[in-house]
Amino acid sequence: MREIPLSDLKQTLKQMIAKACTRVRPDALCALQNAKQSETSESAAFAMQVLLDNASLCEQKALPVCQDTGMAVFFFEIGQEVHFTGGDFEKTVNEAVAESYAENALRMSVLDPFTRINTKNNTPAVLHVRLVAGDRVKITFMPKGFGSENMTRLFMLMPADGIEGVKKAVITAIRDAGSKPCPPVFVGVGVGGTSELCLSLAKEALLRPIGTRNEREELNALEAELLQEINALPIGAQGFGGNTTALAVHIKAHPTHITALPVGVNIQCNCVRSSEEVL
Amino acid sequence: MIKITLPLTEEAVKNLHAGDRVLLSGDIYTGRDAAHKRIVEAIRCGTTLPFPLQNSTVYYVGACPPKGDLATASCGPTTSFRMSPYAPTLIKNGQRGIIGKGSMSEEVRNALIEHTAVYFAAIGGAGGLYAQCVTDAEILAYEDLGTEAIRRFTVKDFPVVVAYDCHGKSVYE
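Residues numbered from 1 in each chain as written. Chains lettered and ligands numbered in written order. Predicted model: local features only at pLDDT ≥ 70, side-chain atom pairs only at ≥ 80, totals over all residues. Heavy atoms only, no water.

S.K.: What's the story with the overall build of chain A in this structure? I'm lost.
M.R.: From N to C terminus, chain A includes eight helices and 10 strands. Relative to a compact globule of 279 residues, whose C-alpha radius of gyration would be 19 Å, chain A shows 19 Å and is just as compact. Projected onto its principal axes, the C-alpha positions of chain A cover 55 × 50 × 40 Å. Out of the 279 residues in chain A, the part that is buried amounts to 57%. A separation of at least 24 residues holds for 82% of the contacts in chain A among residues at least 6 apart in sequence. (Helix = DSSP H or I, 4+ residues; strand = E, 2+ residues; numbered from the N terminus. Rg over C-alpha atoms; globule rule 2.2 N^0.38 Å. Buried < 20%, exposed > 50% of the residue type's maximum accessible area, 1.4 Å probe, protein only. Contact = heavy atoms within 4.5 Å.)

Here it is as structure tokens:
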């Protein structure tokens, strides 16, 4: 059994939060730079240059790249040989969020859905926890902004809808979102599982670095095809037209039920943010 | 690039066309979902408004708290569509400009045409850069709403693109 004091976990989480909120992920920045080179619309190219300037300014000055510093979403893979000591795991995660958001002047965006009263410390965090083999803890933090999160879609398709149905669902989600989720966007697609797992897969698909290949060859081709179709839509960067509505489409599949073909679409705005650590 | 000193005038709005790039300087007022609900309620009840609506420009933003020597930290636009149910009421009562991002409803577009007002799109995702354009910030009302409180921002060369002009044209089409 490997013991990890929760005070160590808290320090790590606090640093991960500060890092993720003030930096556009390098893979996304690279994709944005490349897309700008081949942008056909002058207004869209202007918007993309503003985004690139913003990213470098914020990294220099440790400023949040976007004022929507999101809901705090964590993915934990906890080795089953690990024993956390000195407190309560979930409470520690929320303390790390409350302290890091306050200390780094990040925005408190979380409130009760009925009273609309703000919790004033950006908690509670959203936790996805898996127990895995080994004695390590892998943590991924994603500050999820809601301009894009509000455009999330779930389609419970029929098996007869097939791959064509999957494509249609993704295009529909992006077309309906239009200029609202701060394009150029990054599209996460979950296919399979149960309804809640499907949307979780869509979000996890956004954690795979842009420019890396899908481990399933046929999905790789489908990602490329969808990206091309999305970039032919009349939306473009910020909705200003041109040929850069999306920077990437990532698909994550999981076995599903014989009666079903769930498709989840989770959109990430141009400020692609996440950080990762292994303890 | 067109330079405009706020407050907007009817004349200045008429000269703007969808797609124009503009640098705004002067005072703007921040407000988003919760603040708009209260403003519309105040208009309906005839109670005191947090700022004079006549010729005002309202920025849909919930900024990060101030940091270091900046008047505000990151303060990029939020999705304007959510303010579609409220915007026509404010425009009818004198608001001349909106700053936000993304498409809005047909009702908003019609109100802009009818009352000679304009909708500017700021670049969503450029919050840090916009913070550099804010030279002064002050809370005017609804402090209990935290980031959603109404603030006066004094801005200098704040970059935007005309999204909907008063002639019925849109940058999104």
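S.K.: What is the right way to read the domain arrangement of chain A from this model?
M.R.: Think of interface size as the accessible area that goes away when the parts come together; that is how it is often given. All names here are of chain A. Looking at the assigned domains, one finds that chain A contains domain 1 (2–20 + 65–144) and domain 2 (147–274). Here the C-alpha centre of domain 2 lies 26 Å away from the C-alpha centre of domain 1. Listed by partner, the interface residues are 13 residues for domain 1 and 14 residues for domain 2. Of the roughly 1100 Å² buried at the junction of domain 1 and domain 2 (both faces included), carbon and sulfur atoms supply 64%. Between the two partners, domain 1 and domain 2, sit one salt bridge. In this structure, the salt-bridge partner of K144 is E149, at a minimum N-O distance of 3.1 Å. At the junction of domain 1 with domain 2, the criterion picks out four residue pairs in polar contact (both at pLDDT 80 or more). Sorting the residues of the side of domain 1 that touches domain 2 by element identifies β2 (71–79) and β5 (137–144) as the ones contributing at least two each. (Domains from an automatic or database assignment. Buried area = accessible area lost by both parts, 1.4 Å probe. Salt bridge = Lys/Arg side-chain N within 4 Å of Asp/Glu carboxyl O. Polar contact = N/O pair within 3.5 Å; in protein donor to acceptor, adjacent residues only side chain to side chain.)

S.K.: I would appreciate a short explanation of the nonpolar core in the present structure.
M.R.: Where a protein is soluble and globular, its nonpolar side chains tend to be buried together. Counting 92 residues, the largest nonpolar core has F120 and F158 of chain B as its most contacted members. Both domain 1 (2–20 + 65–144) and domain 2 (147–274) of chain A contribute no fewer than three residues apiece to this core. Not counting chain neighbours up to four residues away, the residues in contact with F120 of chain B comprise L8, L16, V22, L24, I98, I99, G100, V160, V161, V162 and A163 of chain B. Ranked by size, the runner-up nonpolar core spans 27 residues in total, among them V166, A173, A177 and V263 of chain A. (Core = buried A, V, L, I, M, F, W, Y, C linked by side-chain atoms within 4.5 Å.)

S.K.: Sorry, what's going on with the interface of chain B and chain A here?
M.R.: Opposite the 37 residues of chain B that make contact, chain A presents 35 residues. Interface area for chain B against chain A, summed over the two sides, is near 2700 Å², with a carbon-plus-sulfur share of 59%. Summed over the three residues of chain B that lose the most area to chain A, namely R21, K67 and I123 of chain B, the buried surface amounts to 20% of that side. The interface formed by chain B and chain A contains one salt bridge. As a salt-bridge pair, R21 of chain B and E42 of chain A come within 3.1 Å of each other at their nearest N and O atoms. Our enumeration of links across chain B and chain A arrives at 15 residue pairs in polar contact (both at pLDDT 80 or more). Its residues assigned to classes, the side of chain B that touches chain A shows 18 nonpolar, 13 polar and six charged. (Nonpolar A, V, L, I, M, F, W, Y, C, P; charged D, E, K, R; others polar.)

S.K.: Would you take a moment to explain the pattern of salt bridges for this structure?
M.R.: When charged atoms on two side chains of opposite charge get close, those side chains can pair. Summed over all chains, the structure comprises 30 salt bridges over all chains. The salt bridge partner of K3 of chain B is D157 of chain B, with a shortest N-O separation of 3.5 Å. You can see K3 of chain B sitting in strand β1 (residues 2–5) and its partner D157 of chain B sitting in strand β7 (residues 150–164), a full 154 residues away along the chain. Here K3 of chain B falls in the exposed class, since its relative accessible area comes to 59%. Residue D33 of chain B is joined to R32 of chain B by a salt bridge in which the shortest nitrogen-to-oxygen separation is 3.3 Å. Members of the salt-bridge network, linked through shared partners, are K10, K14, K91, E95, E99 and E103 of chain A.

S.K.: How should unusual backbone geometry be read in this particular structure?
M.R.: Backbone geometry follows two general trends: most residues other than glycine have a negative phi, and most peptide bonds adopt the trans configuration. Across the junction of T123 of chain A and P124 of chain A, the peptide omega takes the value 0°, indicating a cis bond. Positionally, P124 of chain A belongs in the loop between α4 (89–103) and β4 (126–132). Backbone torsion omega between L6 of chain B and P7 of chain B reads 5°, so that peptide bond is classified as cis. Turning to its location among the elements, P7 of chain B is positioned in the loop between β1 and α1 (10–14). Positive phi values are uncommon outside glycine, yet A62 of chain A reaches one of about 50°. Within the secondary structure, A62 of chain A sits in the loop between α3 (42–61) and β2. The phi dihedral of A105 of chain A falls on the positive side, at around 50°, and the residue is not glycine.

S.K.: Quick question: what am I supposed to make of the packing of helix α1 (residues 6–21) of chain A against α4 of chain A here?
M.R.: Two packed helices can be described by the angle between their axes and the distance between those axes. Residue and element names in this part refer to chain A. Across the interface, α1 lies against α4 with an axial gap of 9 Å and an inter-helix angle of 40°. With respect to α4, the axis of α1 lies oblique. The element α1 and its partner α4 pack so that their crossing is right-handed. Taking contact as the criterion, the partners of L6, L9, K10, L13, K14, I17, A18 and C21 in α1 are, on α4, F89, T92, V93, E95, A96, V97, E99, S100, Y101 and E103. Per-class residue counts for the contact of α1 with α4 are 11 nonpolar, two polar and five charged. (Axes fitted to C-alpha atoms, helices over the stretch in contact; angles between N-to-C directions. Parallel < 35°, antiparallel > 145°, perpendicular 65-115°, else oblique. Left-handed = near helix turned anticlockwise from the far one by under 90°.)

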